[in-house]
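# Geometric and topological summary
So the chains spell out like this:
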Amino acid sequence: MEWTNKTIGDIAFVTKLAGFEHTKYIQGNCTHERKDDSFIPLFIGKTVRDGRIDKNFDWYIPKSIADQLPRSFLKRKCLVLPYVGTIGDLAVFDASYDALLGSNIAKIELNPNCGYSEEFIYYYLKSPRGQTVLLKDEQGGIQKNITMEAIRNVLLPDVDENNQKKIVSVLSALDDKIALNKKMNQKLEAMAKRLYDYWFVQYDFPDKNGRPYKTTGGPMTYNPTLKREIPEGWGVKSLFDCSDVLYGFPYATEPFDEENLDTSTKPYPVIRIRDIKDNTISAKTTETVDDKYRTKVNDLLIGMDGYFHMSFWPRNDDYVNQRITRIRQKELSVMIIYHQIAPFIKFKEDQAKGSTVGHLSDKDMKQINILVPNNPRLSEKFDSILNLITKNKQKIYRLTKLRDKLLPLLMNGQVEVE
(Lines give C-alpha, C1' and ligand atoms only; values in the text may rest on other atoms or scores of the structure.)
Protein backbone atom coordinates (compact mmCIF):
# COMPACT_ATOMS: atom_id res chain seq x y z
CA MET A 1 0.00 0.00 0.00
CA GLU A 2 1.21 3.47 -0.90
CA TRP A 3 1.02 6.35 1.54
CA THR A 4 -0.07 9.91 0.90
CA ASN A 5 1.47 12.96 2.50
CA LYS A 6 -1.95 13.73 3.97
CA THR A 7 -2.82 13.39 7.62
CA ILE A 8 -6.15 13.21 9.41
CA GLY A 9 -5.62 16.85 10.40
CA ASP A 10 -5.46 17.78 6.70
CA ILE A 11 -8.86 16.28 5.87
CA ALA A 12 -10.83 16.61 9.10
CA PHE A 13 -11.69 18.73 12.12
CA VAL A 14 -10.43 17.00 15.27
CA THR A 15 -11.54 18.28 18.67
CA LYS A 16 -12.67 17.48 22.18
CA LEU A 17 -14.48 19.24 24.99
CA ALA A 18 -12.14 21.70 26.70
CA GLY A 19 -11.53 21.40 30.43
CA PHE A 20 -12.97 24.83 31.21
CA GLU A 21 -16.06 23.98 29.13
CA HIS A 22 -16.63 20.86 31.21
CA THR A 23 -16.37 22.88 34.41
CA LYS A 24 -18.53 25.77 33.21
CA TYR A 25 -21.21 23.98 31.19
CA ILE A 26 -21.31 20.25 32.01
CA GLN A 27 -20.86 20.03 35.76
CA GLY A 28 -24.15 20.79 37.46
CA ASN A 29 -26.18 20.50 34.25
CA CYS A 30 -25.84 16.81 33.31
CA THR A 31 -28.15 14.15 34.69
CA HIS A 32 -28.34 10.36 34.67
CA GLU A 33 -31.97 10.46 33.55
CA ARG A 34 -33.34 11.87 30.34
CA LYS A 35 -35.97 14.16 31.81
CA ASP A 36 -37.63 14.99 28.48
CA ASP A 37 -36.92 15.40 24.76
CA SER A 38 -34.96 18.59 25.39
CA PHE A 39 -32.15 16.45 26.87
CA ILE A 40 -29.60 14.79 24.57
CA PRO A 41 -26.97 12.09 25.25
CA LEU A 42 -23.60 13.18 26.63
CA PHE A 43 -20.89 10.97 25.13
CA ILE A 44 -18.02 9.96 27.43
CA GLY A 45 -15.03 7.67 26.90
CA LYS A 46 -16.88 4.44 27.66
CA THR A 47 -19.72 5.34 25.28
CA VAL A 48 -17.56 3.71 22.58
CA ARG A 49 -17.29 -0.04 23.07
CA ASP A 50 -15.85 -2.54 20.62
CA GLY A 51 -16.31 -0.33 17.59
CA ARG A 52 -19.88 0.71 18.32
CA ILE A 53 -21.72 3.35 20.31
CA ASP A 54 -23.26 1.93 23.48
CA LYS A 55 -26.68 3.57 23.62
CA ASN A 56 -27.14 2.78 27.31
CA PHE A 57 -26.04 6.33 28.01
CA ASP A 58 -24.85 7.26 31.51
CA TRP A 59 -25.44 11.00 31.13
CA TYR A 60 -27.75 13.50 29.43
CA ILE A 61 -27.45 17.25 28.97
CA PRO A 62 -30.01 19.94 28.04
CA LYS A 63 -29.82 20.78 24.35
CA SER A 64 -29.75 24.45 25.35
CA ILE A 65 -26.34 23.81 26.95
CA ALA A 66 -25.10 21.94 23.87
CA ASP A 67 -26.09 24.93 21.72
CA GLN A 68 -23.47 26.96 23.58
CA LEU A 69 -20.73 24.44 22.68
CA PRO A 70 -20.83 24.26 18.86
CA ARG A 71 -17.38 22.61 18.54
CA SER A 72 -18.47 19.68 20.68
CA PHE A 73 -22.08 19.47 19.51
CA LEU A 74 -22.46 16.31 17.39
CA LYS A 75 -24.84 17.17 14.56
CA ARG A 76 -22.92 15.77 11.60
CA LYS A 77 -21.73 12.26 10.80
CA CYS A 78 -18.28 11.77 12.33
CA LEU A 79 -15.95 9.35 14.09
CA VAL A 80 -15.82 9.37 17.89
CA LEU A 81 -12.93 7.90 19.85
CA PRO A 82 -11.79 7.80 23.48
CA TYR A 83 -8.50 9.61 24.03
CA VAL A 84 -8.10 8.41 27.64
CA GLY A 85 -8.36 4.80 28.85
CA THR A 86 -9.64 2.59 26.04
CA ILE A 87 -7.58 4.38 23.40
CA GLY A 88 -7.54 2.69 20.00
CA ASP A 89 -11.26 2.00 20.04
CA LEU A 90 -13.55 4.15 17.89
CA ALA A 91 -16.99 4.23 16.28
CA VAL A 92 -18.92 5.97 13.53
CA PHE A 93 -21.60 8.36 14.78
CA ASP A 94 -24.34 8.40 12.14
CA ALA A 95 -25.96 11.71 13.26
CA SER A 96 -29.42 10.11 13.46
CA TYR A 97 -29.80 11.98 16.76
CA ASP A 98 -28.07 14.91 18.47
CA ALA A 99 -25.38 14.35 21.09
CA LEU A 100 -22.60 16.25 22.86
CA LEU A 101 -18.98 15.35 23.49
CA GLY A 102 -18.28 14.94 27.21
CA SER A 103 -15.12 13.88 28.99
CA ASN A 104 -12.38 11.65 27.53
CA ILE A 105 -13.82 11.44 24.02
CA ALA A 106 -12.91 13.23 20.78
CA LYS A 107 -14.42 13.52 17.33
CA ILE A 108 -13.01 13.36 13.80
CA GLU A 109 -15.35 15.30 11.49
CA LEU A 110 -14.33 14.89 7.85
CA ASN A 111 -14.23 17.91 5.56
CA PRO A 112 -16.65 17.82 2.59
CA ASN A 113 -15.15 16.21 -0.56
CA CYS A 114 -11.99 15.24 1.31
CA GLY A 115 -11.59 11.98 -0.64
CA TYR A 116 -12.21 9.70 2.31
CA SER A 117 -15.28 8.19 3.97
CA GLU A 118 -15.89 7.85 7.70
CA GLU A 119 -16.28 4.09 7.32
CA PHE A 120 -12.94 3.68 5.54
CA ILE A 121 -11.12 5.80 8.16
CA TYR A 122 -12.80 3.68 10.84
CA TYR A 123 -11.52 0.40 9.36
CA TYR A 124 -8.10 1.88 8.63
CA LEU A 125 -7.68 3.03 12.24
CA LYS A 126 -8.85 -0.41 13.48
CA SER A 127 -6.24 -2.18 11.33
CA PRO A 128 -2.83 -3.11 12.82
CA ARG A 129 -1.11 -0.39 10.76
CA GLY A 130 -3.73 2.20 11.75
CA GLN A 131 -3.44 1.27 15.42
CA THR A 132 0.34 1.59 15.23
CA VAL A 133 0.28 5.11 13.82
CA LEU A 134 -2.61 6.20 16.04
CA LEU A 135 -1.00 5.00 19.27
CA LYS A 136 2.69 5.62 18.55
CA ASP A 137 2.67 8.76 20.69
CA GLU A 138 0.51 7.41 23.54
CA GLN A 139 1.28 8.82 26.97
CA GLY A 140 0.63 7.96 30.59
CA GLY A 141 1.24 5.03 32.88
CA ILE A 142 -1.73 3.04 34.16
CA GLN A 143 -4.24 5.15 32.21
CA LYS A 144 -2.99 5.66 28.67
CA ASN A 145 -3.96 8.72 26.65
CA ILE A 146 -3.33 10.35 23.29
CA THR A 147 -3.43 14.03 22.36
CA MET A 148 -5.50 15.72 19.68
CA GLU A 149 -2.24 16.50 17.89
CA ALA A 150 -1.36 12.80 17.79
CA ILE A 151 -4.72 12.07 16.15
CA ARG A 152 -4.27 14.90 13.63
CA ASN A 153 -0.80 13.63 12.70
CA VAL A 154 -1.97 10.13 11.66
CA LEU A 155 -0.74 9.54 8.09
CA LEU A 156 -3.36 8.28 5.62
CA PRO A 157 -3.10 5.49 3.01
CA ASP A 158 -3.46 6.25 -0.68
CA VAL A 159 -6.67 4.44 -1.60
CA ASP A 160 -9.08 5.85 -4.17
CA GLU A 161 -12.73 6.26 -3.23
CA ASN A 162 -13.89 3.36 -5.40
CA ASN A 163 -11.56 0.91 -3.65
CA GLN A 164 -12.47 2.41 -0.29
CA LYS A 165 -16.10 1.49 -0.97
CA LYS A 166 -15.14 -2.07 -1.93
CA ILE A 167 -13.07 -2.56 1.22
CA VAL A 168 -15.80 -1.11 3.42
CA SER A 169 -18.48 -3.28 1.76
CA VAL A 170 -16.60 -6.50 2.59
CA LEU A 171 -15.77 -5.57 6.19
CA SER A 172 -19.13 -3.97 7.00
CA ALA A 173 -20.99 -7.04 5.68
CA LEU A 174 -19.11 -9.14 8.23
CA ASP A 175 -19.75 -6.59 10.97
CA ASP A 176 -23.47 -6.59 10.12
CA LYS A 177 -23.59 -10.39 10.49
CA ILE A 178 -21.78 -10.14 13.83
CA ALA A 179 -24.25 -7.49 15.01
CA LEU A 180 -27.21 -9.61 13.88
CA ASN A 181 -25.99 -12.62 15.88
CA LYS A 182 -25.45 -10.41 18.93
CA LYS A 183 -28.99 -9.05 18.59
CA MET A 184 -30.39 -12.58 18.35
CA ASN A 185 -28.55 -13.46 21.55
CA GLN A 186 -29.97 -10.44 23.33
CA LYS A 187 -33.46 -11.70 22.49
CA LEU A 188 -32.63 -15.23 23.62
CA GLU A 189 -31.16 -13.91 26.88
CA ALA A 190 -34.32 -11.87 27.48
CA MET A 191 -36.40 -15.01 26.83
CA ALA A 192 -34.36 -16.98 29.37
CA LYS A 193 -34.76 -14.16 31.93
CA ARG A 194 -38.55 -14.17 31.48
CA LEU A 195 -38.66 -17.94 31.91
CA TYR A 196 -36.45 -17.69 35.00
CA ASP A 197 -38.63 -14.97 36.57
CA TYR A 198 -41.74 -17.01 35.82
CA TRP A 199 -40.35 -20.02 37.71
CA PHE A 200 -38.00 -18.62 40.36
CA VAL A 201 -39.27 -15.13 41.17
CA GLN A 202 -43.03 -15.23 40.66
CA TYR A 203 -43.33 -19.01 41.28
CA ASP A 204 -46.12 -19.03 38.72
CA PHE A 205 -44.95 -22.07 36.80
CA PRO A 206 -47.73 -24.46 35.68
CA ASP A 207 -48.96 -26.75 38.46
CA LYS A 208 -50.15 -30.30 37.72
CA ASN A 209 -53.38 -28.84 36.35
CA GLY A 210 -51.61 -26.28 34.19
CA ARG A 211 -52.56 -23.35 36.44
CA PRO A 212 -50.07 -20.71 37.75
CA TYR A 213 -48.68 -22.27 40.92
CA LYS A 214 -48.47 -19.44 43.45
CA THR A 215 -51.34 -17.34 42.11
CA THR A 216 -53.74 -20.28 42.50
CA GLY A 217 -52.59 -21.08 46.04
CA GLY A 218 -49.84 -23.63 45.46
CA PRO A 219 -48.38 -24.61 48.85
CA MET A 220 -45.25 -22.70 49.96
CA THR A 221 -42.86 -23.55 52.78
CA TYR A 222 -40.35 -21.41 54.69
CA ASN A 223 -36.71 -22.21 54.00
CA PRO A 224 -34.35 -21.17 56.85
CA THR A 225 -31.26 -21.12 54.60
CA LEU A 226 -32.74 -18.65 52.08
CA LYS A 227 -34.90 -17.01 54.78
CA ARG A 228 -37.95 -16.94 52.54
CA GLU A 229 -40.80 -19.11 51.37
CA ILE A 230 -40.22 -21.47 48.46
CA PRO A 231 -42.55 -23.89 46.64
CA GLU A 232 -43.24 -27.08 48.55
CA GLY A 233 -40.98 -29.90 47.39
CA TRP A 234 -38.17 -27.65 46.21
CA GLY A 235 -34.74 -27.89 47.80
CA VAL A 236 -31.65 -25.79 48.48
CA LYS A 237 -28.05 -26.82 47.80
CA SER A 238 -24.73 -25.03 47.98
CA LEU A 239 -23.24 -23.89 44.68
CA PHE A 240 -20.46 -26.47 45.15
CA ASP A 241 -22.96 -29.31 45.65
CA CYS A 242 -25.08 -28.62 42.57
CA SER A 243 -22.28 -27.80 40.12
CA ASP A 244 -18.61 -28.52 39.44
CA VAL A 245 -16.66 -25.45 40.64
CA LEU A 246 -13.00 -24.91 39.80
CA TYR A 247 -10.59 -21.98 40.21
CA GLY A 248 -8.14 -21.26 37.39
CA PHE A 249 -4.47 -22.21 37.30
CA PRO A 250 -1.77 -19.71 38.43
CA TYR A 251 0.21 -19.50 35.19
CA ALA A 252 3.58 -17.82 35.04
CA THR A 253 3.21 -14.32 33.57
CA GLU A 254 6.22 -14.40 31.22
CA PRO A 255 5.01 -17.09 28.80
CA PHE A 256 1.94 -14.92 28.06
CA ASP A 257 4.27 -12.73 26.02
CA GLU A 258 4.49 -14.49 22.65
CA GLU A 259 8.14 -13.42 22.32
CA ASN A 260 8.95 -15.62 25.33
CA LEU A 261 7.04 -18.72 24.20
CA ASP A 262 8.88 -22.00 23.82
CA THR A 263 8.53 -22.47 20.05
CA SER A 264 9.32 -26.20 20.29
CA THR A 265 5.89 -26.74 21.84
CA LYS A 266 2.60 -25.64 20.32
CA PRO A 267 1.14 -22.87 22.52
CA TYR A 268 -2.42 -23.14 23.74
CA PRO A 269 -4.94 -20.40 24.56
CA VAL A 270 -5.35 -19.09 28.10
CA ILE A 271 -8.45 -17.19 29.23
CA ARG A 272 -7.78 -14.11 31.33
CA ILE A 273 -10.39 -12.00 33.14
CA ARG A 274 -10.35 -9.39 30.36
CA ASP A 275 -11.39 -12.12 27.86
CA ILE A 276 -14.53 -13.28 29.64
CA LYS A 277 -16.97 -10.60 28.56
CA ASP A 278 -16.42 -10.97 24.80
CA ASN A 279 -15.23 -14.60 24.77
CA THR A 280 -11.90 -13.59 23.25
CA ILE A 281 -8.38 -14.88 23.84
CA SER A 282 -5.52 -12.48 24.58
CA ALA A 283 -2.78 -14.86 25.76
CA LYS A 284 -1.11 -18.16 24.99
CA THR A 285 1.34 -20.33 26.89
CA THR A 286 3.30 -23.56 26.57
CA GLU A 287 3.28 -24.22 30.32
CA THR A 288 2.10 -27.76 31.11
CA VAL A 289 -0.96 -28.00 33.39
CA ASP A 290 -3.66 -30.49 34.28
CA ASP A 291 -6.45 -31.05 31.75
CA LYS A 292 -9.02 -30.18 34.40
CA TYR A 293 -8.32 -26.52 33.62
CA ARG A 294 -9.56 -26.95 30.04
CA THR A 295 -12.95 -25.49 29.21
CA LYS A 296 -16.00 -27.25 27.89
CA VAL A 297 -18.71 -25.55 25.86
CA ASN A 298 -21.20 -23.70 28.13
CA ASP A 299 -18.91 -23.51 31.16
CA LEU A 300 -19.85 -20.42 33.18
CA LEU A 301 -16.80 -18.23 33.84
CA ILE A 302 -16.66 -15.47 36.47
CA GLY A 303 -13.84 -12.96 36.87
CA MET A 304 -12.80 -12.58 40.51
CA ASP A 305 -10.87 -9.28 40.33
CA GLY A 306 -11.93 -5.80 39.21
CA TYR A 307 -15.09 -6.18 37.16
CA PHE A 308 -16.69 -9.51 37.96
CA HIS A 309 -17.55 -10.38 34.35
CA MET A 310 -19.73 -13.47 33.83
CA SER A 311 -20.14 -15.34 30.58
CA PHE A 312 -20.90 -18.78 29.16
CA TRP A 313 -17.81 -19.96 27.30
CA PRO A 314 -18.53 -21.08 23.71
CA ARG A 315 -15.46 -23.26 23.04
CA ASN A 316 -13.75 -26.42 24.25
CA ASP A 317 -10.09 -26.72 25.18
CA ASP A 318 -9.19 -23.19 26.23
CA TYR A 319 -7.45 -23.02 29.62
CA VAL A 320 -8.65 -21.04 32.63
CA ASN A 321 -6.23 -18.64 34.29
CA GLN A 322 -6.10 -17.87 38.02
CA ARG A 323 -8.68 -15.53 39.57
CA ILE A 324 -11.39 -16.98 37.34
CA THR A 325 -14.09 -19.27 38.68
CA ARG A 326 -15.28 -21.99 36.30
CA ILE A 327 -18.75 -23.41 37.01
CA ARG A 328 -19.67 -26.56 35.09
CA GLN A 329 -23.11 -28.11 34.92
CA LYS A 330 -23.97 -31.32 36.74
CA GLU A 331 -27.75 -31.79 36.63
CA LEU A 332 -29.23 -28.33 37.19
CA SER A 333 -28.84 -26.10 34.13
CA VAL A 334 -25.88 -23.76 34.47
CA MET A 335 -28.15 -21.04 33.05
CA ILE A 336 -30.46 -21.41 36.07
CA ILE A 337 -27.40 -21.16 38.29
CA TYR A 338 -26.26 -18.04 36.41
CA HIS A 339 -29.54 -16.22 37.03
CA GLN A 340 -29.54 -17.20 40.70
CA ILE A 341 -26.01 -16.00 41.43
CA ALA A 342 -26.03 -12.89 39.19
CA PRO A 343 -27.63 -10.61 41.87
CA PHE A 344 -25.03 -11.69 44.44
CA ILE A 345 -22.13 -11.09 42.03
CA LYS A 346 -23.57 -7.68 41.12
CA PHE A 347 -23.93 -6.83 44.84
CA LYS A 348 -20.28 -7.75 45.48
CA GLU A 349 -19.17 -5.71 42.46
CA ASP A 350 -21.12 -2.64 43.62
CA GLN A 351 -19.80 -3.11 47.15
CA ALA A 352 -16.23 -3.06 45.85
CA LYS A 353 -16.58 0.12 43.78
CA GLY A 354 -15.20 2.25 46.58
CA SER A 355 -11.97 0.23 46.76
CA THR A 356 -9.04 0.27 44.35
CA VAL A 357 -9.74 -3.23 42.97
CA GLY A 358 -12.63 -5.45 44.01
CA HIS A 359 -12.09 -9.13 44.74
CA LEU A 360 -14.29 -12.22 44.96
CA SER A 361 -13.00 -14.86 47.36
CA ASP A 362 -13.48 -18.57 47.88
CA LYS A 363 -15.42 -17.61 51.01
CA ASP A 364 -17.77 -15.49 48.88
CA MET A 365 -18.41 -18.35 46.46
CA LYS A 366 -19.07 -20.79 49.31
CA GLN A 367 -21.77 -18.48 50.69
CA ILE A 368 -23.88 -19.01 47.57
CA ASN A 369 -26.89 -21.29 47.86
CA ILE A 370 -28.97 -22.46 44.91
CA LEU A 371 -32.73 -23.06 44.84
CA VAL A 372 -33.36 -26.43 43.16
CA PRO A 373 -36.82 -27.10 41.66
CA ASN A 374 -38.44 -30.54 41.77
CA ASN A 375 -38.90 -30.54 37.98
CA PRO A 376 -35.89 -32.26 36.38
CA ARG A 377 -37.07 -31.37 32.87
CA LEU A 378 -36.90 -27.63 33.54
CA SER A 379 -33.15 -27.68 32.94
CA GLU A 380 -33.79 -28.93 29.41
CA LYS A 381 -35.72 -25.75 28.58
CA PHE A 382 -32.89 -23.51 29.78
CA ASP A 383 -30.25 -25.70 28.12
CA SER A 384 -32.01 -25.44 24.76
CA ILE A 385 -31.90 -21.62 24.98
CA LEU A 386 -28.26 -21.66 26.10
CA ASN A 387 -27.30 -23.96 23.21
CA LEU A 388 -28.80 -21.49 20.72
CA ILE A 389 -26.90 -18.62 22.37
CA THR A 390 -23.67 -20.62 22.19
CA LYS A 391 -24.15 -21.43 18.50
CA ASN A 392 -24.53 -17.72 17.80
CA LYS A 393 -21.42 -16.96 19.88
CA GLN A 394 -19.48 -19.50 17.84
CA LYS A 395 -20.64 -17.80 14.64
CA ILE A 396 -19.60 -14.43 16.06
CA TYR A 397 -16.17 -15.83 16.91
CA ARG A 398 -15.64 -17.23 13.39
CA LEU A 399 -16.89 -14.05 11.70
CA THR A 400 -14.70 -11.89 13.94
CA LYS A 401 -11.62 -13.98 13.16
CA LEU A 402 -12.35 -13.74 9.42
CA ARG A 403 -12.86 -9.96 9.61
CA ASP A 404 -9.70 -9.44 11.65
CA LYS A 405 -7.72 -11.59 9.21
CA LEU A 406 -9.06 -9.74 6.15
CA LEU A 407 -8.71 -6.25 7.63
CA PRO A 408 -4.90 -5.89 7.38
CA LEU A 409 -4.79 -7.79 4.08
CA LEU A 410 -7.31 -5.42 2.49
CA MET A 411 -5.62 -2.36 3.94
CA ASN A 412 -2.18 -3.49 2.74
CA GLY A 413 -3.46 -4.30 -0.74
CA GLN A 414 -2.55 -8.01 -0.35
CA VAL A 415 -6.17 -8.91 -1.08
CA GLU A 416 -8.13 -7.06 -3.73
CA VAL A 417 -11.92 -6.84 -4.00
CA GLU A 418 -13.36 -7.24 -7.48
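Rules used throughout
Residues numbered from 1 in each chain as written. Predicted model: local features only at pLDDT ≥ 70, side-chain atom pairs only at ≥ 80, totals over all residues. Heavy atoms only, no water. Helix = DSSP H or I, 4+ residues; strand = E, 2+ residues; numbered from the N terminus. Buried < 20%, exposed > 50% of the residue type's maximum accessible area, 1.4 Å probe, protein only. Areas by Shrake-Rupley, 256 points an atom, 1.4 Å probe, with all protein chains shown as cover. Lys, Arg positive; Asp, Glu negative; His and termini not counted. Charge placed at Lys NZ, Arg CZ, Asp CG, Glu CD. Phe/Tyr/Trp six-rings, centres within 6.5 Å; stacked < 30°, edge-to-face > 60°. Lys NZ or Arg CZ within 6 Å of the ring centre and 35° of its normal. Pairing = 2+ DSSP bridges. Axes fitted to C-alpha atoms, helices over the stretch in contact; angles between N-to-C directions. Salt bridge = Lys/Arg side-chain N within 4 Å of Asp/Glu carboxyl O. Expected span 1.5 Å × (residues − 1). Contact = heavy atoms within 4.5 Å. Patch = residues over 30% accessible without salt bridge, like charges linked within 9 Å, V, L, I, M, F, W, Y side chains within 5 Å. Parallel < 35°, antiparallel > 145°, perpendicular 65-115°, else oblique.

## A closer look at the overall build of the chain
The helix and strand tally for the chain stands at 12 helices and 23 strands. On the principal axes, the C-alpha backbone points of the chain span a range of 75 × 60 × 45 Å. Each of the 418 residues in the chain was classed as buried or not, and the buried ones make up 47%. Here the chain has roughly 22,000 Å² of accessible surface; of this, 49% comes from carbon and sulfur atoms. Taken together, the 61 basic and 56 acidic charged side chains of the chain have centroids lying 4 Å from each other.

## Some words on the packing of aromatic side chains
As enumerated under the stated definition, the model contains 19 aromatic pairs in all. On the basis of an interplanar angle of 20° and a centroid distance of 4.7 Å, the ring pair of phenylalanine 205 and tyrosine 213 is categorised as stacked. Just as phenylalanine 205 is buried, tyrosine 213 falls in that class too. Ring centres of phenylalanine 249 and tyrosine 251 lie 5.0 Å apart, and the angle between their planes is 75°; on these two criteria the pair is classed as edge-to-face. Under the relative-accessibility criterion, tyrosine 251 is labelled buried at 4%. One aromatic cluster is present, formed by Tyr196, Trp199, Phe200, Tyr203, Phe205, Tyr213 and Trp234 through successive ring pairs. The positively charged end of arginine 315 is found above the aromatic ring belonging to tyrosine 397, 3.8 Å away from the centroid. Lysine 366 extends its terminal NZ or CZ atom over the ring of phenylalanine 240, reaching a point 5.7 Å from the ring centre.

## Observations regarding the pairing of strand S11 (residues 105-110)
The buried fraction of S11 is high, at six of six residues. Burial along S11 is two-sided: the face carrying Ile105, Lys107 and Glu109 and the face carrying Ala106, Ile108 and Leu110 are both buried. Sheet topology places strand S8 (residues 78-82) next to S11; four bridges connect them, and they run antiparallel. Paired with proline 82 across the bridge in S11 is isoleucine 105.

## Examining the sheet that holds strand S9 (residues 91-93)
Read from one edge to the other, the open sheet built from four strands follows the order S2-S11-S8-S9, with strand pairing classed as antiparallel. Two strands close off the open sheet at either side, each with one partner strand: strand S2 (12-16) and S9. Between one strand and the next, the sheet's axes are offset by a mean angle of 30°, whatever the strand orientation.

## A look at the pattern of salt bridges
Under the counting rule described, the total for this entry stands at 26 salt bridges. The residue glutamate 21 makes a salt bridge to arginine 71 at a minimum N-O spacing of 3.0 Å. With glutamate 21 in helix H2 (residues 19-26) and arginine 71 in the loop between helix H3 (63-66) and strand S7 (73-74), this pair connects stretches of sequence that are 50 residues apart. Judged by its relative accessible area of 33%, arginine 71 falls in the partly exposed class. The closest approach of N and O atoms between lysine 346 and aspartate 350, which form a salt bridge, is 2.9 Å.

## With respect to the pairing of S8
When you tally the buried positions in S8, you get five out of five residues, the bulk of the element. The alternating pattern of S8 places Cys78, Val80 and Pro82 and Leu79 and Leu81 on opposite faces, both of which are buried.

## Structural notes on helix H12 (residues 378-411)
Here H12 contains 34 residues, and its C-alpha end-to-end distance of 50 Å stays within 8% of the 50 Å for a straight helix at 1.5 Å per residue. Glycine 413 sits one or two residues past H12 and shows a positive phi near 80°.

## Looking at the sheet that holds strand S20 (residues 310-312)
Within the open sheet, the four strands sit side by side as S16-S22-S19-S20. Their pairing is antiparallel. Either end of the sheet is taken by a strand with one partner, and the two such strands are strand S16 (243-247) and S20. Sheet twist, expressed as the mean angle between neighbouring strand axes with direction ignored, is 20°. Across the face of the sheet, helix H10 (residues 334-351) comes into contact with S16, strand S19 (300-303), S20 and strand S22 (324-329) while running at roughly 175° to S20.

## A word on a negative patch on the surface
On the surface, Glu2, Asp158, Asp160 and Glu161 cluster together into a patch of negative charge. By the secondary structure assignment, glutamate 161 is in helix H7 (residues 161-201). The class for glutamate 161 is partly exposed, based on a relative accessible area of 48%.

## Here's the deal with helix H5 (residues 128-135)
Taken together, the buried positions of H5 are Gly130, Val133, Leu134 and Leu135. Buried residues along H5 sit in contact with S8, helix H4 (118-126) and helix H6 (148-152).

## Things to note about the environment of glycine 140
Of note, glycine 140 is situated in the loop between H5 and H6. For glycine 140, a relative accessible area of 45% gives the class partly exposed. For the pair formed by glycine 140 and leucine 371, sequence separation is 231 residues and the distance between their alpha carbons is 48 Å.

## Looking at the packing of H7 against H10
Relative to each other, H7 and H10 sit at 75°, their axes nearing to 11 Å. With respect to H10, the element H7 is oriented roughly perpendicular. Residues Ala192, Lys193, Tyr196 and Phe200 of H7 form the contact with H10, whose own contacting residues are Met335, Ile336, His339 and Gln340.

## A word on a positive patch on the surface
A cluster of basic residues, Lys266, Lys284, Lys401 and Lys405, forms a positive patch at the surface. Residue position: lysine 284 is located in strand S18 (residues 283-285).

## Section: the environment of valine 154
Tracing the chain through its elements places valine 154 in the loop between H6 and strand S12 (155-157). Measuring from C-alpha to C-alpha, the distance between valine 154 and glutamine 131 comes to 9.7 Å, with 23 residues separating the pair along the chain. Discounting residues that sit within four places of it in the chain, valine 154 has contacts with Lys6, Thr7, Ile8, Tyr124, Leu125, Val133 and Leu134.

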